[in-house]
Structure formats: C-alpha cells, structure tokens
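Coordinate analysis (summary)
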Amino acid sequence: MHDLAGQSLPKHHWVQSVKNALIPLANAENASFMKSYMRDQYAYFGIQSGPRRTALKELFTKSVLPSIEELPAVIDELWAMPEREFQMVAVDLLIKLKKQLPTTMLVALERWITTKSWWDTVDMLATHIAGTLFLNHPDETGEYINKWRNSDNIWLRRTTLLFQLKYKDNTDPELLFSLIRENQSDKEFFIQKAIGWSLREYSRTDANAVVNFISTQGIQGLAHREGLKLLKKAGKV
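Residues numbered from 1 in each chain as written. Predicted model: local features only at pLDDT ≥ 70, side-chain atom pairs only at ≥ 80, totals over all residues. Heavy atoms only, no water.

1. Some thoughts on unusual backbone geometry
As a reminder, the rule being used: Runs of H or I in DSSP of at least four residues are treated as helices and runs of E of at least two as strands, each being numbered from the N terminus.
Of note in the backbone geometry, D40 takes a positive phi value of approximately 60 degrees without being a glycine. Examined against the element boundaries, D40 turns out to sit in the loop between α2 (28-37) and α3 (49-55). Backbone geometry places K168, a non-glycine residue, at a positive phi of 55 degrees. Its place among the elements puts K168 in the loop between α9 (154-162) and α10 (173-183).

Here's what the structure looks like:
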C-alpha cells in the first residue's frame, strides 16, 4: 500500500497517526540545521522535541498506546522511516512503557542500538531502557551486558558504560569500574565521553571512589576532564 508520493504507508495505525501529526509541522529551515548538526546522517522534518511531543500527546494516552505485544513491530516500523523524528518518537514510546517491558525485548533493543546508531537514540536507550531492564531483571539483562561489553560495536559498549547512569546508590561500582578499565585504551570519542560521563555522574554518589579510581587507573584526556568536572566546579579536587 502506497501514498500519493509513492512511499509505503505505515502498516500500524498508530504509526500512521504519528505521521499524520508530524507532517504538518515540518519546517525546512529547522530541518536543514538539525541535519547539519547531526553530520548529515539523517533526514529531518525539522520539528523540535517540545512541539513534537505536544503534537503527539493524545497518542501517548493509555487508551491509544500500542500494546506491549505490538511494540517491537511498531518500533521497527518507526525505526525504518527516513526522518529522524520517527526514531525519537520510538524512543519516547519505549520510555513511556519501560516499566512494562519484558526481557524478551532485549533482542530487539540490541537491534535498535546497532541500527541508525548515534548518541541521540543510543544514550536514551541505554539509560532508560537497558537501565530499567537491568534493575528489574538483572540476571537476564546481565547476560546481554556481558555480551555487549565484548562487542566490536562501539554503541553496544557505550550502552554498557551508560546504563547505570541514573542509578545513584544502586550503581554497582565494581561493574562500572571494570567496564571502564576494559574501554580505557579505546580512543574513540564516544567511548571516552561515555567513560567521563559515567564517572561524573557517579561522583555525585561517591566522590572519593571516583577520585581514587581516576588517579589509580590513570584515566586521562577527555574522560579525566569529564569525570572530574562536577568535583572541580565544587572545589573538591
């Protein structure tokens, strides 16, 4: 089934409703800026997150949301669409339903992390979806964390570094520091940034542990600067 422009129409009515709501908001000037900001990797409608969420508010009400059983197919469909806003809607949808997600969603989660990968989707999937699944199902999710930590894919490894980002007192520092050690020599920007970011956030919970780890492990460069940023600002180091 195709629309008048020759593009395939969405298979799921919820996705079609999303498309109908977003198209009228397209802004060519914004789209050009957003595409350039993301290194010309994706097409855009040019809709910022606030207006996008406002336009879709009705579709995110409980009575209209897709079921958990439908979710993987809906997300896959959104992921396949060219405009980046569709992937951001998919992430918002997963976050909305994150407490209900079963561990069977991990197979699909790996697919979404490694497809159309960039920090805007991966970081949200790591901190909200992988993070929630790990808290709720540590054994099953732990198997995937162990698999991802050994991957050649930088986005899977970035996910392992960031999934505990919002854990605060629930952080497993032994696991966090072990993951950092494994990635410390990787000069990839997105890995070093993730190391620094994870250390910076954990410094809110245990500043001494972070300072000691950075010192004894010889964390340098970007990861060092990011890791100590909050503590330096507070005059603690």
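Still to come is the rest of the account.
2. A word on the side chain of Q192
Let me state the cut-off plainly: Side-chain atoms alone can form a polar contact between residues adjacent in sequence; in general such a contact is a pair of N or O atoms within 3.5 Å, and within protein one must be able to donate a hydrogen while the other accepts it. Any pair of residues with heavy atoms lying within 4.5 Å of one another is described as a contacting pair.
By secondary structure assignment, the location of Q192 is in helix α11 (residues 189-202). In this structure the side chain of Q192 is engaged in a polar contact, spanning 3.0 Å, whose partner is the backbone oxygen of Q184. Excluding anything up to four places from it in sequence, Q192 contacts N183, Q184, D186, K187, Q220, L222 and A223.

3. As for the packing of aromatic side chains
Applied cut-off: Each Phe, Tyr or Trp ring, with Trp reduced to its six-membered ring, pairs with another whose centre is within 6.5 Å; inter-plane angles below 30 degrees give stacked pairs, above 60 give edge-to-face pairs, and intermediate values give tilted ones.
Under the criterion given, the structure shown has 14 aromatic pairs. For the pair W14 and F60, a centre-to-centre distance of 5.5 Å together with 70 degrees between the ring planes defines the contact as edge-to-face. Of the two residues, W14 is situated in helix α1 (residues 13-22) and F60 in the loop between α3 and α4 (71-80); the sequence distance between them amounts to 46 residues. Summarising the aromatic geometry, the rings of F45 and F86 are spaced 5.5 Å apart at their centres and angled 75 degrees between planes, so their arrangement reads as edge-to-face. Of this pair, F45 sits in the loop between α2 and α3 while F86 is found in helix α5 (residues 84-96), placing the two residues 41 residues apart along the sequence. Through pairs of rings, three or more aromatic residues link up here, namely W118, W155, F189 and F190.

4. Some remarks on the packing of α11 against helix α13 (residues 221-233)
Where we set the bar: Here an axis means a line fitted to C-alpha atoms, over the contact stretch when the element is a helix, while the angle between two N-to-C directions is reported on a 0 to 180 degree scale. In these notes the angle categories are as follows: under 35 degrees is roughly parallel, over 145 is roughly antiparallel, 65 to 115 is roughly perpendicular, and the rest is oblique. The sense of a crossing depends on the near helix, which, turned anticlockwise from the far helix by less than a right angle, makes the crossing left-handed and, turned clockwise, makes it right-handed.
Taken N-terminus to C-terminus, the directions of α11 and α13 make an angle of 20 degrees; their axes are 7 Å apart at the nearest point. Between α11 and α13, the angle is such that the two are roughly parallel. Taken as a pair, α11 and α13 cross one another with a handedness that is right-handed. Where α11 approaches α13, its residues F189, Q192, K193, I195, G196, W197, L199 and R200 are matched on the opposing element by L222, A223, E226, G227, K229 and L230.

5. Some thoughts on the pattern of salt bridges
To keep it simple, the criterion reads: Here a salt bridge means any side-chain nitrogen of Lys or Arg lying within 4 Å of a carboxyl oxygen belonging to Asp or Glu. For every residue, the accessible area (1.4 Å probe, protein chains only) is compared with the maximum for its type, and the residue is labelled buried under 20%, exposed over 50%, or partly exposed between those bounds.
Taken as a whole and judged by the stated rule, the model has 13 salt bridges. In this structure, D120 engages R84 in a salt bridge whose closest nitrogen and oxygen atoms are separated by 2.7 Å. Taken as a pair, D120 in helix α7 (residues 119-136) and R84 in helix α5 lie far apart in primary sequence, 36 residues in all. Residues D120 and R84 agree in their burial class; the two are buried. Where E226 meets K229, a salt bridge forms, and the shortest distance between an N and an O atom there is 3.1 Å. Separated by three residues within a single helix, E226 and K229 lie in helix α13, roughly one turn from each other. Taken together, the shared-partner salt bridges connect K193, R200, E201, R204, E226 and K229 into one network.

6. Structural notes on helix α12 (residues 207-217)
Using the following cut-off: The directions considered for the arc run from the helix axis to the C-beta atoms.
The set of residues buried in α12 consists of A209, V210, F213 and I214. An end-on view of α12 places all buried positions within 125 degrees of arc, on one side of the element. Facing away from the buried surface of α12 by more than 90 degrees, the exposed residues are N208, S215 and T216. Of the surrounding elements, those touching the buried residues of α12 are α10, α11 and α13. Residue G218 follows α12 closely and has a positive phi angle near 70 degrees.

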